[in-house]
Amino acid sequence: MSEITIDFSGQTVLLTGGSTGIGYGIATAFAKANADLHIVALEEGLEDAVARLDRIGASKVTGHACDITDKARVEEVAATIGAVDVLINNAGLEIITPIDDPSDETEAIFRRIIDINIVGTYLVTRAVLRNMSAGGRIILTASVWGKSAIGEFSAYIASKHANIGFMRSIARELGPRGIRVNCVCPGWVQTGAGMKSLRNMSLRQERPEEDILAEVMATQCMPGLQQPDDVADLYVFLASSQARNITGQAINVDRGEFLG
Amino acid sequence: MFEKALRFDGKNALVVGGSSGIGFEVAKEFALLGAEVTVLANDDLLDEAASAISRVSGRTPRQIFCDITDREDLRGALEPLGNVDILVHNAGFERLTPLLDDDRSVEESFRRIIDVNLMGAYYVTREIVARMPDGGRIIYTASTYSKYAISRMSGYASSKHGLVGMMRSFSQELGARRITVNAVCPGWVNTEFSNRSVRKIAEETGRSFEDVGNDVWSLQAIEGHLEARDIVGGYIFFASDLARDVSGQTLHVDRGEYQS
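Residues numbered from 1 in each chain as written. Chains lettered and ligands numbered in written order. Predicted model: local features only at pLDDT ≥ 70, side-chain atom pairs only at ≥ 80, totals over all residues. Heavy atoms only, no water.

Undergrad: So what's going on with the overall build of chain B? Residues and values would help.
TA: Check the secondary structure of chain B and you find eight helices and seven strands. In terms of C-alpha radius of gyration, chain B reaches 18 Å, essentially the compact-globule figure of 18 Å for 260 residues. With respect to the principal axes defined by its C-alpha atoms, chain B has extents near 50 × 40 × 40 Å. Taken across its 260 residues, chain B has 58% of its residues classed as buried. Long-range pairs, those at least 24 residues apart, make up 75% of the contacts in chain B between residues at least 6 apart in sequence. Side chains of chain B carry 29 positive and 38 negative charges; the gap between the two charge centres is 5 Å. (Helix = DSSP H or I, 4+ residues; strand = E, 2+ residues; numbered from the N terminus. Rg over C-alpha atoms; globule rule 2.2 N^0.38 Å. Buried < 20%, exposed > 50% of the residue type's maximum accessible area, 1.4 Å probe, protein only. Contact = heavy atoms within 4.5 Å. Lys, Arg positive; Asp, Glu negative; His and termini not counted. Charge placed at Lys NZ, Arg CZ, Asp CG, Glu CD.)

Undergrad: Describe the side chain of Ser148 of chain A, listing the residues and the values that go with them.
TA: Residues and elements named next belong to chain A. Position of Ser148 relative to the elements: it lies in the loop between β5 (137-141) and α5 (154-174). Note on Ser148: relative accessible area 15%, which makes it buried. At 2.9 Å, the side chain of Ser148 and the backbone oxygen of Val144 are in polar contact. (Polar contact = N/O pair within 3.5 Å; in protein donor to acceptor, adjacent residues only side chain to side chain.)

Undergrad: Got a sec to walk through the layout of surface pockets? Specific residues and values, please.
TA: Residues and elements named next belong to chain A. Estimates place the volume of the second largest pocket at around 1,000 Å³. Around the second largest pocket, the lining comprises 38 residues; the ones closest to its centre are Thr20, Gly92, Leu93, Glu94 and Ala193. The set of elements that each furnish at least two residues to the lining of the second largest pocket consists of α1 (21-32), β2 (36-41), α4 (104-129), α5 and α6 (192-205). When residues in the lining of the second largest pocket are grouped by element, the largest group, four residues, is from α6. (1 Å grid on protein atoms, 1.4 Å probe; cavity = no way out; pocket = protein on both sides within 12 Å on 5 of 7 lines; lining within 4 Å. Points joined across faces, edges and corners; volume = space filled by probe spheres on them.)

Undergrad: Can you explain helix α4 (residues 104-129) of chain B? Please cite residues and give values.
TA: All names here are of chain B. A rise of 1.5 Å per residue sets the reference length of α4, with its 26 residues, at 38 Å; its end C-alpha atoms lie 37 Å apart and thus fit the reference within 8%. Its axis deflected by about 30 degrees at Met119, α4 carries its strongest bend there. Sitting at the amino-terminal end of α4 is Asp103, which places a side-chain oxygen 2.8 Å from the backbone nitrogen of Ser105. (Expected span 1.5 Å × (residues − 1). Bend = angle between axes of the 7 residues up to and from the residue.)

Undergrad: Break down the sheet that holds strand β1 (residues 12-16) of chain A for me, with residues and values.
TA: Residue and element names in this part refer to chain A. Taking strand neighbours across the sheet as the criterion, the seven strands line up as β3-β2-β1-β4-β5-β6-β7 in an open arrangement whose pairing is parallel. Both outer strands of the open sheet, β3 (61-65) and β7 (250-253), are each paired with one neighbouring strand and no more. Between one strand axis and the next, the sheet turns through 20 degrees on average, direction left out of account. In this sheet, strand β4 (residues 86-89) lies alongside β1 in parallel orientation, the contact comprising three bridges. Residue pairing for β4: Leu14 is matched across the bridge by Leu87. Against the sheet, helix α2 (residues 46-54) makes contact with β2 and β3, and its axis sits at roughly 170 degrees relative to β3, the strand it touches most. Running at roughly 160 degrees to strand β6 (residues 180-186), α5 makes contact with β5, β6 and β7 of the sheet. (Pairing = 2+ DSSP bridges. Axes fitted to C-alpha atoms, helices over the stretch in contact; angles between N-to-C directions.)

Undergrad: How would you sum up empty space enclosed by the protein? Please name residues and give values.
TA: Residues and elements named next belong to chain A. For the structure on display, the rule yields one cavity of 30 Å³ or more. Counted as a void, the largest cavity has a volume near 50 Å³. Every element with two or more residues in the lining of the largest cavity is listed here: α3 (71-81) and α4.

Undergrad: For the sheet that holds strand β6 (residues 180-186) of chain B, give the residues involved together with the corresponding values.
TA: All names here are of chain B. Across the sheet, seven strands lie side by side as β3-β2-β1-β4-β5-β6-β7; this open sheet has parallel pairing. The open sheet has two edge strands, β3 (62-65) and β7 (250-253), and neither has a second partner. Sheet twist, expressed as the mean angle between neighbouring strand axes with direction ignored, is 15 degrees. In this structure, strand β1 (residues 12-16) lies alongside strand β2 (residues 36-41), joined through five bridges in parallel fashion. Bridge assignment links Val16 to a residue of β2, and that residue is Leu40. Across the sheet, helix α2 (residues 46-57) touches β2 and β3, and the angle it forms with β3 is around 165 degrees. Lying on the sheet, α4 is in contact with β1, β4 (86-89) and β5 (137-141); it crosses β4 at an angle near 170 degrees.

Undergrad: I'd like a rundown of the packing of α5 of chain A against helix α5 (residues 154-174) of chain B, residues and numbers included.
TA: Interhelical geometry of α5 of chain A versus α5 of chain B gives an angle of 145 degrees and a closest axis separation of 6 Å. The way α5 of chain A lies across α5 of chain B gives a crossing that is right-handed. Here Ser154, Ile157, Ala158, His161, Ala162, Ile164, Gly165, Phe166, Arg168, Ser169 and Ile170 of chain A of α5 of chain A come into contact with α5 of chain B, specifically with Ser154, Ala157, Ser158, His161, Gly162, Val164, Gly165, Met166, Arg168, Ser169 and Phe170 of chain B. For the contact of α5 of chain A with α5 of chain B, the class distribution of residues is 10 nonpolar, 10 polar and two charged. (Left-handed = near helix turned anticlockwise from the far one by under 90°. Nonpolar A, V, L, I, M, F, W, Y, C, P; charged D, E, K, R; others polar.)

Undergrad: An account of α5 of chain A is requested, with residue identities and associated values reported.
TA: It helps to recall that an α-helix has 3.6 residues per turn; residues three or four apart then point in one direction. Counted at 1.5 Å a residue, the expected span for α5 of chain A with its 21 residues is 30 Å, and the 30 Å between its end C-alpha atoms agrees. Across the 21 residues that make up α5 of chain A, a large majority, 19, are buried.

Undergrad: Outline the nonpolar core, supporting the account with residue identities and numerical values.
TA: Formed by 82 residues in total, the largest nonpolar core has its most connected members in Tyr140 and Met166 of chain B. Examining the composition of this core, we find that 13 residues originate from one element, α4 of chain A, more than from any other. Excluding anything up to four places from it in sequence, Tyr140 of chain B contacts His89, Ala121, Thr125, Leu163, Met166, Met167, Phe170, Val181, Asn182, Ala183 and Val184 of chain B. Of all hydrophobic cores here, the second largest spans 35 residues; its members include Leu53, Val86, Ile139 and Val231 of chain A. (Core = buried A, V, L, I, M, F, W, Y, C linked by side-chain atoms within 4.5 Å.)

Undergrad: So what about the packing of α6 of chain A against helix α7 (residues 209-218) of chain A? Which residues, and what values?
TA: Residues and elements named next belong to chain A. At their nearest, the axes of α6 and α7 sit 9 Å apart, and the two run at 110 degrees to each other. Judged on the interaxial angle alone, α7 and α6 are roughly perpendicular. With respect to the hand of their crossing, α6 and α7 are arranged in right-handed fashion. On α7, the residues touching Leu198, Arg199, Met201, Ser202 and Gln205 of α6 are Glu209, Ile212 and Leu213. Residues that form the contact of α6 with α7 fall into these classes: four nonpolar, two polar and two charged. (Parallel < 35°, antiparallel > 145°, perpendicular 65-115°, else oblique.)

Undergrad: Kindly report on the interface of chain A and chain B, identifying the contributing residues and their values.
TA: In this complex, chain A contributes 43 residues to the contact, which on the side of chain B involves 43 residues. Summing both sides of the interface, chain A and chain B together bury roughly 3,600 Å²; the carbon and sulfur share of this comes to 60%. Between chain A and chain B we count five salt bridges in total. A salt bridge links Glu107 of chain A to Arg126 of chain B; its shortest N-O distance comes to 2.7 Å. Sorting the residues of the side of chain A that touches chain B by element identifies α4 and α5 of chain A as the ones contributing at least two each. Top contributing element to the side of chain A that touches chain B by residue count: α5 of chain A, with 14 residues. Classifying every residue of the side of chain A that touches chain B gives 20 nonpolar, nine polar and 14 charged. (Buried area = accessible area lost by both parts, 1.4 Å probe. Salt bridge = Lys/Arg side-chain N within 4 Å of Asp/Glu carboxyl O.)

Pasting the structure below:
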């Protein structure tokens, strides 16, 4: 980075979905920036992720096993953590949901995506807000698919558009209290979830994964598949005082895939 | 070339949420333009709406009484329906959902809004797509709040942003069948649906109805309070042959309130 130092010493950061993928990248960035970090995620893989983050050695990292659609558990975790300076709503589910697939399973997945990505995000925000004072920051992981769309991902795309709508309304609501709210919209990132979607697209379209990926990369201004670390820096910036006048925005970090 | 463009003789149009407000005006107009109209609603205005449409157009619409969030009820209710050429999905629910109001009912409202506006639209679309011939039309009622948001409307803004995302994804998926998928974004329309919240904001802030209304009216390029019948043209356009190459789009009928 430049000569601007970004340091979160003494600040409590609550991050949901921080044990894998983009979330783990965000966790790593905040751990390096000395934040007092709380990872709220499903139990699987959490302990291991926290141990790895702890080894960075710069900050204190605590894990909280929690399904964010479980309101009682969300409130319990929020109460345990107490005052929060930065809330990062990153937990989310991304699975293909073709409209012409008549199975009940696809419908159940659709409902689950809406439940986690929209209602879960709402429950966490509401619970944490009770312990957030002026100067607080809320960041949501949306997606370039919060502004654009492809076929067969209607549930995920609806949920990401919804995250941006939610952010816009609460940015207005919380501005008077001195709390900033923004969305990060990552493009394609090499994560387990992203690569699983690519595999499913490849199966449905009967085309090799490499072809589909090459097609996506061709839509980016800058080449190459992003890594979780590439998108994490935007979260750090938005949480920092450098972004003190930025609120109500949905900012892409996608190497110029979607210009808008 | 255009003289028959706005006739819908022999076409089956289903208007979901068609017993009052915008939906009622749209159903009436389709009947007047020659379509076989079915009105679906779950309130006690359905009978009266059907009679009024019949009186004005000389065509008696089929009535379906059904709660679209009840999956089994919906499946059964749509069973007797044949081909649907035009689906207007207009059913919606709107309440204020202040993030800072700890009342339990706020959370229930948030869930209900997502359930009706997003899940309901998904269920209806899923059922209808199976009985829609190639070249069919799907038109959703979104809102100006699918593009921006005001304070204390996070539930509604989430649902309408989400609906537009879903529409965009469906348009990509159904293009191969030449089915167009679009959304009309009304501004603030003089219906109980919208006025309810304005009244509530006025009560809570000690301002007059007109004063709160002016927050919106002052954004409009063309002055005055929109009426439900003012919105109808958007739906007729999307359903008509004039819009055969228009898909994945939002059309704001809002007197210039939001300019994208």
